[in-house]
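The chain contents come next:
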Amino acid sequence: VVLFDFKPDSSALRMRFTLSLFSFRSAVGGVALGLLTTVGAAAQATRFTAAQLQPDARMLRAALEQLHPGLYRHVDSVDANKRFMALEDQWAQPQTLPHAYRDLTLLLAGLRDAHTYANPLNQNKAVRGALFERPTCLPLHFRIIDKRMIVTAAVDSGALPRGTEILSIDDRPVAVILDSLLPAVRADGANDGNRLDRLELTDDEPVESFDALYPLFFSVGRSFALTVKASDKAAPRTVVVGAVPAVARKSALARRGADHHWRLTFPDRRTARLTLPDFVTWRDPKFDWKKWLAESFATIQSKGADALILDVRRCEGGNDEVVTELLRYLTTQPLTRVPQRQLWRTDHVPDNLLPFLDSWDPALKKLNPADFRHATDGGYERIAERAARVPLKPHPTAFSGKHIYALCGPRNSSASFQLLQELQAARLATLVGRPTGGNRRGTSGGKFFLLRLPNTGLEVDVPLISYAPLRAQPDEGLEPDDVVEHTVEGLRAGIDPEMARVSELLRDERTER
């Protein structure tokens, strides 16, 4: 077994070989396997020693300090130092894989950068099997409204009909559960609305935050005892449901789960509605998203719609190019985008980190200092990115009607936040909904390294570009132009509050005309 000992103050990487094997305990007895060949069931009981953990903690700190351009956007260096030291203290003691992942998740969430996290999708097969594919999930979907957990779908819909409120899980009050998990949820800055939104169970994401985090903080058996009530006036009762793998729930609730397809509909003959659940254009290689947008806006134009509803409430982000294309269809005049700084932390990758960095873009490992200029306020600007900031030219079939309503909410925290920010700043659309995710102070993203911690095998997404406003901004998301409140009563009644509000606005406007 290779034991990596990382020294951030030196370019040398020392590898110490040891004959010891990691011991694992499983339901059928003890199993001894090497770290790199473990499978999920055995990895669940892995115990890492301090000699394995602490070099990984040092490597993580060195990588973030040398590569991350927004490390001190929402926390200062003193706070960040305390968090890094706390992780080293925790990892001075042996840890199981779940405990090590929990410690890592808490540290990264505490840095308050939504794109810096131990991404479940980028973990190796053993880690995914041990942490995210076990039967530890609730067999239902729920929304969180005013910190109340409301069922929206369940495998056993007879026992848990839509609108049922979950008061406690295994005698733990919902408020206690949410408060325990919230510090481990990623979001930009102080945006707890985004954190709570991420804790909802909707199966919109391949790995849901609640599924991943709950077993790290609370014990899970073969079933959950839920204390529930069907309505505010109903008496509480107990329902026992089996703990299931996430994939089983997704299969059972497939028709009530996520629909990632882009859709164009016409609620009435004068109103078009574009529903874009995400901007993840690489999910389906056969989907020509640019062609789809071109055909959709041509259809809107041919039908003569005078109002457009852009529904991105369920969209976090994805391909930044989608934002650019959409803006060209949503403006009839050349559009100058919101000014911002695009800063890199470094103009090259330190040699001592290279063996532990992966990326979808191999060129990132070969950054050329000649392609950068040093910024006067720290960091580096890529010359090509600085030169590329030119006004956007409208598409010939850009929407030319009277009103654009953009439906928004706390999930909008990455590329969708950028889109909404541009629309609001240019007064191209009326934002209708709840305050967004994201943060007006900026975010990090664009390009990423996947940092592989060699001893634990855990992965961390490290963003390489900081997107920062030119002037100081408040630590918050975007405030909609027309704020809409979500209520438990409305959910139970099947009301779509944002669509109801837009219908009201259109009715009033068209009546006045």
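Residues numbered from 1 in each chain as written. Predicted model: local features only at pLDDT ≥ 70, side-chain atom pairs only at ≥ 80, totals over all residues. Heavy atoms only, no water.

S.K.: I tried to follow the nonpolar core on my own but got confused; where do I start?
M.R.: In a soluble, globular protein the nonpolar side chains are often hidden away together inside. Counting 76 residues, the largest nonpolar core has L60, I169, F210, L226 and L451 as the members making the most contacts within it. If you tally residues by element for this core, the top one is helix 2 (residues 50-67), at seven residues. Aside from chain neighbours lying at most four places away, what touches L451 is M59, L60, A63, F356, L357, L458, E459, V460 and V462. Formed by 35 residues, the second largest nonpolar core is a distinct cluster that contains W289, L310, V312 and L392. (Core = buried A, V, L, I, M, F, W, Y, C linked by side-chain atoms within 4.5 Å. Buried < 20%, exposed > 50% of the residue type's maximum accessible area, 1.4 Å probe, protein only. Helix = DSSP H or I, 4+ residues; strand = E, 2+ residues; numbered from the N terminus. Contact = heavy atoms within 4.5 Å.)

S.K.: Would you take a moment to explain helix 4 (residues 97-110) for this structure?
M.R.: Owing to its 3.6 residues per turn, the α-helix brings residues three or four apart onto one side. When the terminal C-alpha atoms of helix 4 are compared, their 20 Å separation across 14 residues agrees well with the 20 Å that a helix rising 1.5 Å per residue should span. The element helix 4 is extensively covered by neighbouring structure, given that eleven of its 14 residues are classed as buried. Positioned one or two residues after helix 4, R112 has a phi angle of 60 degrees, which is positive. (Expected span 1.5 Å × (residues − 1).)

S.K.: Is there a simple way to think about the sheet that holds strand 13 (residues 263-268) in this case?
M.R.: Strand-to-strand pairing in sheets goes through backbone hydrogen bonds, with the strands running parallel or antiparallel. A sheet is described by the order of its strands in space; here six strands give the open sequence 13-14-15-20-21-24, paired in mixed fashion. Either end of the sheet is taken by a strand with one partner, and the two such strands are strand 13 and strand 24 (482-483). Two strands pair when backbone bridges link them, and strand 20 (residues 403-408) and strand 21 (residues 430-433) are joined in this way by four bridges, in the parallel orientation. Across the sheet, the residue bridging to L407 is V432, located in strand 21. Seen against the sheet, helix 10 (residues 289-303) touches strand 13, strand 14 (271-275) and strand 15 (307-311) and runs at an angle of roughly 20 degrees to strand 13. Where helix 15 (residues 497-512) meets the sheet, its contacts fall on strand 13, strand 14, strand 15, strand 20, strand 21 and strand 24, and the angle it forms with strand 20 comes to roughly 160 degrees. (Pairing = 2+ DSSP bridges. Axes fitted to C-alpha atoms, helices over the stretch in contact; angles between N-to-C directions.)

S.K.: I tried to follow the confidence of the model for the protein chain on my own but got confused; where do I start?
M.R.: Interpreting fine coordinate detail is not advised for predicted regions of low pLDDT. Counting all residues, the mean pLDDT for the protein chain is 91, and 90% of those residues have values of 70 or more. Confidence drops under pLDDT 50 across residues 9-39; counting only partners more than four residues distant or on other chains, this segment forms 55 contacts. (pLDDT = per-residue confidence, 0-100.)

S.K.: Would you explain the side chain of R313 in this entry?
M.R.: Relative to the elements of secondary structure, R313 occurs in the loop between strand 15 and helix 11 (320-330). Relative accessible area serves as the criterion here: at 18%, R313 is assigned to the buried category. Of the polar contacts made by the side chain of R313, one reaches the side chain of D311; its length is 2.8 Å. A polar side-chain atom of R313 sits 2.7 Å from a polar atom in the side chain of D496. With residues near it in sequence (within four places) discarded, R313 still touches R273, L407, C408, R411, N412, D496, E498 and M499. (Polar contact = N/O pair within 3.5 Å; in protein donor to acceptor, adjacent residues only side chain to side chain.)

S.K.: Looking at this structure, how should I read the pattern of salt bridges?
M.R.: Pairing is possible between side chains of opposite charge, provided their charged atoms come close. Evaluation of the coordinates by the stated rule reveals 34 salt bridges. A salt bridge links E316 to R198; the nearest nitrogen and oxygen atoms lie 3.0 Å apart. Taken as a pair, E316 in the loop between strand 15 and helix 11 and R198 in helix 7 (residues 192-198) lie far apart in primary sequence, 118 residues in all. A single burial state applies to E316 and to R198, both of which are buried. A salt bridge links D311 to R313, with the shortest nitrogen-to-oxygen separation between them at 2.8 Å. (Salt bridge = Lys/Arg side-chain N within 4 Å of Asp/Glu carboxyl O.)

S.K.: I tried to follow the side chain of R61 on my own but got confused; where do I start?
M.R.: With respect to the helices and strands, the residue R61 is situated in helix 2. The buried category is assigned to R61, whose relative accessible area is 19%. Each residue touching R61, except ones within four places of it in the same chain, is listed here: N81, F84 and M85.

S.K.: Could you clarify how one ought to interpret the packing of helix 2 against helix 4 in this entry?
M.R.: Where helix 2 meets helix 4, the axes come as close as 13 Å, and the angle between the chain directions of the two elements is 25 degrees. With respect to each other, helix 2 and helix 4 are oriented roughly parallel. Considering only the axes of helix 2 and helix 4, their crossing is right-handed. Contacts from L53, L60 and L64 of helix 2 reach helix 4 at A100, L104, L107 and L108. Tallied by class, residues from the contact of helix 2 with helix 4 come to seven nonpolar, no polar and no charged. (Parallel < 35°, antiparallel > 145°, perpendicular 65-115°, else oblique. Left-handed = near helix turned anticlockwise from the far one by under 90°. Nonpolar A, V, L, I, M, F, W, Y, C, P; charged D, E, K, R; others polar.)

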